Amino acid sequence: MTTLRLRPEGPADTGPVRRVLAAAFARPDGTTPGEVALVEELRGSEAWIPELAMVAEYGGEVVGYALLSRVRVKSDDVTAPAVALGPVAVAPHRQRVGHGTAAVQAVLDAATELGERLVVVLGDPAYYRRFGFAPADRMGLTSPWSGLGEPWQALVLPPSVSGEPAPPRGEVVFPAPWSRV
Ligand SMILES: CC(C)(COP(=O)(O)OP(=O)(O)OC[C@H]1O[C@@H](n2cnc3c(N)ncnc32)[C@H](O)[C@@H]1OP(=O)(O)O)[C@@H](O)C(=O)NCCC(=O)NCCS
């Protein structure tokens, strides 16, 4: 039986990941979607966390992708780390069979293992609430997307050791590649 395999991306995955992103976010005018440049610019930046770039492989083919990368939460003079989810993409011919859900859950689990405490995402609440995401403004988190309301969401991950400080609140600052989307 063919099963889905989730694993961190490797050097050989760059082309396949690009193809999945281009197909999933395809634009009516045929231009390359901004999500392709977003991933390629993040990959060469300090925001990149290799363990948290996850491909979903089915029958030896890369069919899905989920990425968490570094963002900062600023509050008064303190800056704390968090991670942003996205892009999440599944090749159109393999959508709606659970690959997207599996890929997102895999990066969230890997982030928990690494001791990350806070994940933010901009996306459809109907999709992301299944992972536990909730409106981020209610958690005291702002961003350039706060004004969009419900799509601006956050998830607190369980602490990896007891006694960890509470997850940060404040202004979430996204690195420059995010201006691509
Ligand atoms: C969104 C996406 C990643 C979901 O992956 P998937 O493998 O198709 O989704 P799954 O099979 O894991 O989950 C299917 C469920 O998600 C829902 N769903 C799928 N795409 C959705 C969307 N864009 N908005 C809301 N819900 C969506 C389905 O209705 C289904 O719900 P159900 O479980 O209640 O029946 C995929 O459809 C995709 O690549 N879309 C284009 C790119 C995109 O919009 N990415 C998300 C923004 S970063």
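Placed above this text is the structure.
This text gives an overview of the structure that appears in the document. Note that the coordinates shown come from a computational prediction; the quantities given were computed from them, not determined experimentally. Starting afresh in each chain, residues are numbered from 1 along the sequence in its written order. Only residues with pLDDT of at least 70 get local features here, since the model is predicted, and only at 80 or more are side-chain atom pairs given and counted; chain-wide, interface and lining totals rely on the full set of residues.

**Some details on the site of the ligand**
In this analysis a residue is considered near a molecule or strand if the C-beta atom, reconstructed from its backbone, is found within 6 Å of that molecule or strand. What surrounds the ligand is a group of 18 residues, the closest being Ala24, Gln95, Gly100, Thr101 and Tyr127. Breaking the shell around the ligand down by element, the ones donating at least two residues are strand E4 (78–90), helix H3 (99–113) and helix H4 (125–128). For the shell around the ligand, the element with the most residues is E4, which contributes five residues. Considering only residue class, the shell around the ligand consists of nine nonpolar, seven polar and two charged. The way it works is that DSSP assigns letters per residue, a run of H or I at least four long becomes a helix, a run of E at least two long becomes a strand, and they are numbered from the N terminus. Polarity classes work like this: nonpolar for Ala, Val, Leu, Ile, Met, Phe, Trp, Tyr, Cys and Pro, charged for Asp, Glu, Lys and Arg, and polar for all others, with Gly in that last group.

**Some remarks on unusual backbone geometry**
Each neighbour pair has its own omega, and for Gly86 with Pro87 the value is -5 degrees, a cis peptide bond. For Arg96, which is not glycine, the phi dihedral falls at a positive 65 degrees. Within the element layout of this structure, Arg96 appears in the loop between E4 and H3.

**Considering helix H1 (residues 14–24)**
All of the buried residues along H1 are Val17, Val20, Leu21 and Ala24. Seen end-on, H1 carries its buried residues on one side only, within an arc spanning 95 degrees. Exposed residues have 12 or fewer other C-beta atoms within 10 Å of their own C-beta, buried residues have 20 or more, and residues in between are partly exposed; the C-beta atoms are placed from the backbone. It is the directions from the helix axis to the C-beta atoms whose arc is reported.

**Regarding the nonpolar core**
Take the buried Ala, Val, Leu, Ile, Met, Phe, Trp, Tyr and Cys residues, join any whose C-beta atoms are within 7 Å, and the set you get is a nonpolar core. In terms of nonpolar packing, the biggest core is built from 49 residues, with Tyr65, Leu68, Val107, Val119 and Val120 touching the most fellow members. Elements with a minimum of two residues in this core: H1, helix H2 (34–43), strand E2 (53–58), strand E3 (61–75), E4, H3, strand E5 (118–122) and strand E8 (152–156). Contact between two residues is assigned when their C-beta atoms, built from the backbone, lie within 7 Å. With residues near it in sequence (within four places) discarded, Leu68 still touches Ile49, Leu52, Val83, Ala84, Leu85, Val107, Ala111 and Val119.

These results come straight from atomic positions and should not be treated as a statement about function.
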